[in-house]
Amino acid sequence: MGLILLWLLAVSTVTASEDVFIGVNIGTDMSDMPHPTQVVALLKEQHIRHVRLYDADRAMLLALANSGIEVIVSVPNEQLLAIGQSNSTAANWVSHNIVAHYPATNITAVSVGSEVFAALPNAGPVLVSALQFIHSALVASNLNTQIKVSTPISSSIILDSFPPSQAFFNRSLNPVLIPMLKFLQSTGSFLMLNVYPYYDYMQSNGVIPLDYALFRPLPPNKEAVDANTLLHYSNAFDAVVDAAYFAMAFLNFTNIPVLVTESGWPSKGDSDEPDATMDNANTYNSNLIRHVLNKTGTPKHPGIAVCTYIYELYNEDTKAGPISERNWGLFDANGNPIYLLHLTESGLLFANDTTSETYCIARDGADPKLLQAALDWACGPGKVDCSALKQGEACYEPDNVGAHASYAFNSYYHQMGMVSGTCNFNGVAATSTTNPSRGTCIFQGSGGKNRTFLNGTAPSMNSMTSGSVHISAFGSSISMLTAVLFGNAYILSYR
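Residues numbered from 1 in each chain as written. Predicted model: local features only at pLDDT ≥ 70, side-chain atom pairs only at ≥ 80, totals over all residues. Heavy atoms only, no water.

Once that is clear, we can look at the side chain of Thr105. By the secondary structure assignment, Thr105 is in the loop between α4 (87-99) and β4 (106-112). Reaching out from Thr105, the side chain makes a polar contact with the backbone oxygen of Leu61 at a distance of 2.7 Å. In this structure, Thr105 is in contact with Leu61, Leu64, Ala65 and Val71, ignoring residues within four places of it in sequence. (Helix = DSSP H or I, 4+ residues; strand = E, 2+ residues; numbered from the N terminus. Polar contact = N/O pair within 3.5 Å; in protein donor to acceptor, adjacent residues only side chain to side chain. Contact = heavy atoms within 4.5 Å.)

On to the packing of aromatic side chains. Overall, the coordinates contain 20 aromatic pairs when judged by the stated rule. Centroid distance Phe21 to Tyr309: 5.5 Å. Interplanar angle 75°. Geometry classified as edge-to-face. Taken together, the residues span a long stretch of sequence, with Phe21 in the segment before β1 (22-26) and Tyr309 in strand β13 (residues 308-310) at a distance of 288 residues. Residue classification places Phe21 among the buried residues on the basis of a relative accessible area of 1%. The class of Tyr309 is buried, set by a relative accessible area of 2%. Each ring, one from Tyr407 and one from Phe443, has its centre 5.5 Å from the other, and the planes form 80°; the classification is edge-to-face. In this pair, Tyr407 is assigned in helix α13 (residues 401-415) and Phe443 in the loop between β15 (429-432) and β16 (468-473), connecting sequence segments 36 residues apart. Considered together, Tyr407 and Phe443 belong to a single accessibility category, that of buried residues. Cluster of aromatic residues (ring-pair linked, three or more members): Tyr196, Tyr198, Tyr199, Tyr201, Phe215, Phe237, Trp265, Tyr284, Tyr311 and Trp328. Residue placement shows Arg171 over the ring face of Phe168; its charged tip is 4.2 Å from the ring centre. Its end group placed over the ring of Phe246, Lys300 keeps NZ or CZ at 4.2 Å from the ring centre. (Phe/Tyr/Trp six-rings, centres within 6.5 Å; stacked < 30°, edge-to-face > 60°. Buried < 20%, exposed > 50% of the residue type's maximum accessible area, 1.4 Å probe, protein only. Lys NZ or Arg CZ within 6 Å of the ring centre and 35° of its normal.)

An order of β5-β4-β3-β2-β1-β13-β12-β9-β6 is seen for the nine strands of this open sheet, with the pairing classed as parallel. Edge positions in the sheet fall to β5 (148-150) and β6 (152-154), since each of these pairs with one other strand and no more. Taking the axes of each pair of neighbouring strands and ignoring which way they run, one obtains an average angle of 25° across the sheet. As judged from the three bridges shared by β6 and strand β9 (residues 191-194), these two strands associate in the parallel manner. (Pairing = 2+ DSSP bridges. Axes fitted to C-alpha atoms, helices over the stretch in contact; angles between N-to-C directions.)

Attention now goes to the packing of helix α6 (residues 124-140) against helix α7 (residues 174-186). It is the contact of α6 with α7, at a shortest axis distance of 9 Å, that shows an interaxial angle of 15°. With respect to α7, the element α6 is oriented roughly parallel. Between α6 and α7 lies a crossing whose hand is left-handed. Between α6, through Gly124, Pro125, Leu127, Val128, Leu131, Gln132 and His135, and α7, the contact on the second element is made entirely by Val176, Pro179, Met180 and Phe183. A per-class count over the contact of α6 with α7 returns eight nonpolar, three polar and no charged. (Parallel < 35°, antiparallel > 145°, perpendicular 65-115°, else oblique. Left-handed = near helix turned anticlockwise from the far one by under 90°. Nonpolar A, V, L, I, M, F, W, Y, C, P; charged D, E, K, R; others polar.)

Okay, the state of the cysteines next. Counted under the stated rule, the structure contains three disulfides. Here Cys379 engages in a disulfide with Cys386; their sulfurs sit 2.0 Å apart. Residues Cys379 and Cys386 are joined through a disulfide that is left-handed, its torsion about the S-S bond being -85°. There is a disulfide in this structure between Cys395 and Cys441, and the S-S distance comes to 1.9 Å. What sets the handedness of the Cys395 and Cys441 disulfide is the S-S torsion sign, and at about 105° it is right-handed. (Disulfide = S-S within 2.5 Å.)

With that settled, consider the pairing of strand β3 (residues 70-75). Burial analysis of β3 places six of its six residues in the buried class, the great majority of the element. As paired elements, strand β2 (residues 50-53) and β3 share three bridges and run parallel to each other. When the bridges of β3 are listed, His50 appears paired with Glu70. Taking the sense of rotation as the criterion, the β-α-β connection linking β2, helix α2 (residues 58-64) and β3 turns out right-handed. Direction of pairing for β3 relative to β4: parallel, over a ladder of six bridges. Bridge pairing links Glu70 to Asn106 in β4. (Right-handed = clockwise from strand over helix to strand, strands pointing away.)

On the secondary structure map, Thr298 appears in the loop between α11 (278-293) and β13. Sequence-distant contacts of Thr298, defined by excluding residues within four places in its chain, comprise Asp238, Val241, Asp242 and Val306.

Evaluated as defined, the whole model comprises four salt bridges. As a salt-bridge pair, Arg216 and Asp211 come within 3.0 Å of each other at their nearest N and O atoms. In this structure Asp211 comes out as partly exposed when scored by relative accessible area, which is 31%. Overlapping salt bridges bring together Asp211, Arg216 and Asp279 as one network. (Salt bridge = Lys/Arg side-chain N within 4 Å of Asp/Glu carboxyl O.)

With that settled, consider α4. When α4 is considered as a whole, its buried residues turn out to be Ala90, Trp93, Val94, Asn97 and Ile98. Viewed along the axis of α4, the buried residues span an arc of 100°, placing them on a single side of the element. In α4, the exposed positions angled more than 90 degrees off the buried face are occupied by Ser88 and His96. Those residues of α4 that are buried are in contact with α2, β3, α3 (77-84), β4 and α6. (Arc of directions from axis to C-beta.)

Structure (structure tokens):
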């Protein structure tokens, strides 16, 4: 099972000689959005060093200060018209949202709007002005070399995208696209591109194979071949990125790098979205991470990094639309991973899914009464072997409820295969990567050993409780009457 998602810290420019990174998008359409300090705690625990915000929320920017995390802030679409029509409005926005936070908060780029051509077509005429005004305000503050300005576009505006060599942008957008690309080129910025093979696959009516969309290995005879260039494409992601390069070249822009600002796969969908599953989401994102960090590049630009932001950090449960819209996240609001990325063979970039050590321990400062109740349940209905906690046994000392609870919590966590939702115990437990073993008291999971994976469901509690809780662990509903809940921070530990 995958444990820690370790993300590579790297610079933000996209060249063959410099490092590549994976980042994440942080959306906020949630009924229980974590506090910014909790978000940053999760980012730090996961070693996520690059994030993109969909706004410039002051509390979030303050929480990110002095974290070392590189941040893309955004001008929301609803503010685009005002900024694109007024230089002073743009200057005021930069003053309040950039200058007030930089350099403590390491802002590296401004995303002006999001998929404006599709989401806000009437704003197209002011988009370039908005880019220019934001850039001018950065120049005035001597921040234009540190902070780039661009706007994310949807890959849907690239027409005739396969073969990539024949791709071109929707010509009706050229009056805006051409000056936009001139701006990106003159300022040394990048084309922000949102790439969603999931939608390409869903809309292809079976033309695009699922394996091709998911980065699964294909035999050479199954790869897509561009007849004009004879370049072979083994996945849809590379084909879309190269289509963007060719579309820019069609307009005589050949030196603008591509930064993928969104890409991912939903873990759950409606009945007409049968391929929106945890397994496919896991496969896509795991393969995407590996593909990007291996500096594979694309067939058109082999070895040139395509830095990418995964969509997204959290499931956004209040988003409108089909079920899939609310299920793109890597984590839920409590910090539980939706699924565990398969990151074996990722070398030093990741703690892989068989040798990493993660433990479930009692939270510091937890209520002793709640700890005792959780300990009693784990050693009783939870079916944990707590014999090592008896007087005279290896884990009896120190004889306090916190130490004993940590041993029992960790044993239960590993018995249940460390699945999402098995390290909470009504909020008094959290995971840690620090081995709590001491002397002859060896905690399960030390050195990646002694792990037991149960195929059944968690035992039901029939204790004196007043509520019924349903949690989902890899698609299996677990029903229990309990005062001890199993779900919460599986990978991170924060308050």
